[in-house]
Amino acid sequence: MTTLQDPPVESSPEIGRERRRKEDQRLITGRTRWTDNIVLPGMLHLAMVRSPFAHARITSIDTTEAKASRNVVTVLTGADLGESQGTLINAWAITTDQVAPAHPPMPTDRVSFAGEIVAVVVARTAAEARDAAELVDVEYDELPAAIDLKAAARDEVLAHPDLGTNKSAFWKFDSAEAGTGGDVDAAIEKARGDGIVIEREYRQQRLIPAFMEPRSTVVDPTGEQITMWSATQIPHILRFALAATTGVPESKIRVIAPDVGGGFGGKLQTTPEEWLTFCIANRLGKPVKYTETRSESLMVAHHGRDQWQKLTLSAEKDGTVTGLKVELLADLGSHVSLVGGGVPVLGAFMFNAIYKFPAYQFNCQTVLTNKTWTDAYRGAGRPEATFAIERLMTELAAELDVDPIEIRRKNWITHEEFPFMSVAGLEYDTGNYEAATDKALEMFGYDDLRAEQKRRRESGDPIQLGIGVSTFTEMCGLAPSRVLGQLNYGAGGWEHAAVRMLATGKVEVVTGASAHGQGHETAFSQIVADRLGVPFEDVEVLHGDTQTSPRGLDTYGSRSLVVGGEALVRAVDKVIEKAKPIAAHLLEASVDDIEFADGRLSVRGTDQGVAITEVAAAVFAAHDYPEGIEPSIDSEATYDPVNFNYPHGTHLCAMEVDTETGGVKIRKYVCVDDIGTIINPMIVAGQVHGGLVQGIAQALWEEAVYDDAGTLVSGSFVDYLLPTAADTLSFDVDHTSSPSITNTLGTKGVGEAGTIASTPAVVNAVVDAIRHFGVDDVTMPCTPERVWKAIHSRGAGGEAATEGAAAPHFDAAEGTEGAGA
């Protein structure tokens, strides 16, 4: 799969330079435009009437009192809008026989999760719309709800009775069938006789992306085009989906993602609210705005994770791994959302991680329930896989009574073995796990902390010390298109960029990547300034508008730099090549003698030359340029990668656990990530720190909880615990570098690395602190109550036992539970 490029470029004045982000000045001084800040003449406002029930028939909707309210324009139901409201799409049907319910933005007869929209109030102000929404009288006939994932997999209660089952799709990868490895069942059977078999079941709790800016949409239908502003990660995909499902030509739709306040995958979605705002604006012929409240955001913006994972690992008696079998139940929620069905499949290629498993099998059953639907959340399938395998490798080390670092060294791919074809069929292009781990161990003071841990155990200290290890890799830079096509993904993985050389010496960059906090304007300016030899300040980056940037596939999956950045590099290189014949003409030289360096095109062996900005001015005037050449050096490029991108790293965590209260505290956290060539170390540090906090939060604090009736009981920040600065500490972050050989700059993704690696490091540390009490798991989040129960259960695993180990195991292939191992 790998195609070798030219060797990665050396560090230069801009690449590798710490620069403050261009974006931040306007963001922190309030000179920006969030979608909710947009005000248009005559604009109306929407409020959504939502079902309080997880599953119910709608028997009647009385809008009379709401319509009579002050400044209410109208109240609309699904029956009023009919087919004009369009439908929400699933872009990733992971199997041809996938079972999926229809997904209208506003149903007419039945609701399938608490928070589903049943009516929309249109008023002259947002407050008046919300007040009137309270007056809409909806009668329901409540139905049994499928809430528990395992029970739903057994079809005990049907989330959608008309479908006849809750099982949406079963997806399997088998290394023996794929020709990438051996028979995993044979490997496990052999190990039962003369080796070691580790079997564990882990719970990936449901999480809420909880982005800073709630979702907001404004639609103006009054111009030549229908213009939508939306707080989205995916303006191009959103435009396509609107056109494909509403009948409005794509050329008549313009989507703008203005400044977007975070996403974390939570804005990688096409939403009922966007579709209804679009439909109602067109119906009324007036601009319309909808902005969700924070409680609405937590309740109905899509959630993430929510899996049961059963794993079986086989190994020889010396700890050499021989097989890995994964059986997964994945909760889709009420509908198969944009890419929600495919998120667990992304994880399928990462359970084997950095280890040389000779045999591997992955089985996944996706299941419909009556909860908010799930989809991508930072890492999307990769954190779930990494958590499972890193917990399992630590359990193997404990079984053998060896250090968890030692068991990893025994089984990981060595740096001499790259490029390496994994048992899951992916080719890892570069990596050096030894270098990253050695550097992390030194920074961490690993031996000293182990010695302290031993002293605390021997003295019976009530504050025990645990050390957690996570050595991870991930596949990111979501692409290439051919591979996505083989996985039945509904779009490609390419990205587009254009470079415009202005007559004034400035440079405009147009990218199809759409930023929502990553620092694209800064990093892309550095790349262009470096490669063209122009001042950083003279580069302007345009993005997030389908009219300014008509081609693009947007931002998710750590793809902006490794895919969008490579498209930009190729567009810049085309600018230089187009400038050479014009420079040769101006210098009266042969084009073969023209060379480019530091922003100048020069005649080889002489001091004659012109700046590339001078060439841009010359083609603008067009008074003197060669015959047969167009008067422009503007260029564009579309790049489709030949492989995924594989950053990696070693994360080490020291946790203090109070055995009397169950309280946990992070003592020290060190990570050394290999992300290839670094464009801007300051931006990278921000990405890593933010990712670490999100991953640690899953381990210790965050969980979306439903009651038996399907009501979200963690629907505010009082109950859904987000960490603050006071809850964490300063992380020790560093890097090694084994540049990628599949892109020109040698870059690798970084946006999801911290989230993927940190969760198992923290949980491994918590379990390590109390393993001598007979504990081998604590179900996330590792709250003081759960940790205390685990300690005092003396081997039963406490909360882990009640939620995981003691629960009957399931068979993903059948969607049923078995006898338990």
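These notes cover the structure that comes with them. (Residues numbered from 1 in each chain as written. Predicted model: local features only at pLDDT ≥ 70, side-chain atom pairs only at ≥ 80, totals over all residues. Heavy atoms only, no water.)

### Some thoughts on the sheet that holds strand 25 (residues 635–639)
Strand order in the open sheet formed by 4 strands is 21-20-19-25, with mixed pairing between adjacent strands. The strands lining the two open edges of the sheet, one partner per strand, are strand 21 (539–542) and strand 25. Across the sheet, the mean angle from the axis of one strand to that of its neighbour is 15°, orientation sign disregarded. Examined bridge by bridge, strand 19 (residues 495–501) and strand 25 share 5 bridges and lie antiparallel to one another. From the neighbouring strand, Glu495 faces strand 25, where its bridge partner is Tyr639. This element, helix 17 (residues 520–532), spans strand 19, strand 20 (507–511) and strand 21 of the sheet and lies at about 135° to strand 21. Strands strand 19, strand 20 and strand 25 of the sheet are contacted by helix 18 (residues 560–587), whose axis makes an angle of about 145° with strand 25. (Pairing = 2+ DSSP bridges. Helix = DSSP H or I, 4+ residues; strand = E, 2+ residues; numbered from the N terminus. Axes fitted to C-alpha atoms, helices over the stretch in contact; angles between N-to-C directions. Contact = heavy atoms within 4.5 Å.)

### Some details on the environment of Thr779
Positionally, Thr779 belongs in the loop between helix 21 (753–770) and helix 22 (784–792). Since its relative accessible area comes to 4%, Thr779 is described here as buried. Sequence-wise, Thr779 and Arg600 are 179 residues apart; in three dimensions their C-alpha atoms are separated by 60 Å. (Buried < 20%, exposed > 50% of the residue type's maximum accessible area, 1.4 Å probe, protein only.)

### Some words on the packing of helix 18 against helix 19 (residues 612–621)
It is the contact of helix 18 with helix 19, at a shortest axis distance of 10 Å, that shows an interaxial angle of 75°. One way to sum up the angle between helix 18 and helix 19 is to call them roughly perpendicular. The residues of helix 19 that touch helix 18, namely those facing Val575, Ile576, Ala579, Ile582, Ala583 and Leu586, are Ile612, Val615, Ala618 and Val619. Among the residues forming the contact of helix 18 with helix 19, the class breakdown is 10 nonpolar, no polar and no charged. (Parallel < 35°, antiparallel > 145°, perpendicular 65-115°, else oblique. Nonpolar A, V, L, I, M, F, W, Y, C, P; charged D, E, K, R; others polar.)

### Some words on the packing of helix 12 (residues 382–400) against helix 13 (residues 404–411)
It is at 8 Å that the axes of helix 12 and helix 13 come closest, and there the two elements cross at 110°. Taken as axis vectors, helix 12 and helix 13 run roughly perpendicular relative to one another. Contacts from Glu390, Met393, Thr394, Leu396, Ala397 and Leu400 of helix 12 reach helix 13 at Pro404, Ile407, Arg408 and Asn411. Its residues assigned to classes, the contact of helix 12 with helix 13 shows 6 nonpolar, 2 polar and 2 charged.

### Points about the pairing of strand 26 (residues 648–658)
Most of strand 26 sits out of view: 11 of its 11 residues are buried. Here strand 26 shows a buried face lined by His648, Thr650, Leu652, Ala654, Glu656 and Asp658 and a second buried face lined by Gly649, His651, Cys653, Met655 and Val657. When strand 18 (residues 463–473) meets strand 26, the two strands line up antiparallel, connected through 11 bridges. Bridge pairing links Thr471 to Thr650 in strand 26. Relative to strand 27 (residues 664–674), strand 26 is paired through 10 bridges, and the arrangement is antiparallel. Considered in strand 27, the bridge of Thr650 is made with Val672. Remark: 5 residues form the turn of the hairpin made by strand 26 and strand 27, two consecutive strands paired antiparallel; Gly662 in that turn has positive phi of roughly 85°.

### With respect to the pairing of strand 20
Counting buried positions along strand 20 gives 5 out of 5 residues, so the element sits mostly inside the fold. Along strand 20, one buried face is formed by Val507, Val509 and Thr511 and the opposite face, lined by Glu508 and Val510, is buried too. In the sheet, strand 19 pairs with strand 20 via 5 bridges, with the strands oriented antiparallel. For Val499, the partnering residue across the bridge sits in strand 20 and is Val509. Linkage of strand 19 to strand 20, two consecutive antiparallel strands, is achieved through a turn of 5 residues, within which Gly505 is found at a positive phi near 95°. One crossover worth recording links strand 20 to the parallel strand 21 by way of helix 17, and it is right-handed. (Right-handed = clockwise from strand over helix to strand, strands pointing away.)

### Section: the environment of Val184
With respect to the secondary-structure elements, Val184 resides in helix 7 (residues 184–194). Among all residues touching Val184, those that are not within four sequence positions of it are Gly323, Leu324, Lys325, Ala359, Tyr360 and Gln361.

### Some words on unusual backbone geometry
Residues apart from glycine generally show negative phi values, whereas peptide bonds are mostly found in trans. Backbone torsion omega between Phe418 and Pro419 reads -10°, so that peptide bond is classified as cis. Geometrically, the link from Met780 to Pro781 is a cis peptide bond, its omega value of -10° lying close to zero. Despite not being glycine, Phe264 shows a phi value in the positive range, around 55°. On the basis of relative accessible area, Phe264 is assigned to the partly exposed category, the value being 30%. The phi dihedral of Glu588 falls on the positive side, at around 55°, and the residue is not glycine. A relative accessible area of 76% means that Glu588 is categorised as exposed.

### Describing the nonpolar core
Core analysis: the largest hydrophobic core is formed by 96 residues, its most contacted members being Leu313, Leu324, Phe351, Phe362, Tyr669 and Ile770. When near neighbours in sequence (up to four residues on either side) are disregarded, Tyr669 contacts His651, Leu652, Cys653, Leu692, Ile696, Leu729, Phe731, Asp732, Ala757, Ser758, Ala761 and Val762. In this structure, Val509, Ala529, Val562 and Ile576 belong to the second largest nonpolar core, which totals 45 residues. (Core = buried A, V, L, I, M, F, W, Y, C linked by side-chain atoms within 4.5 Å.)

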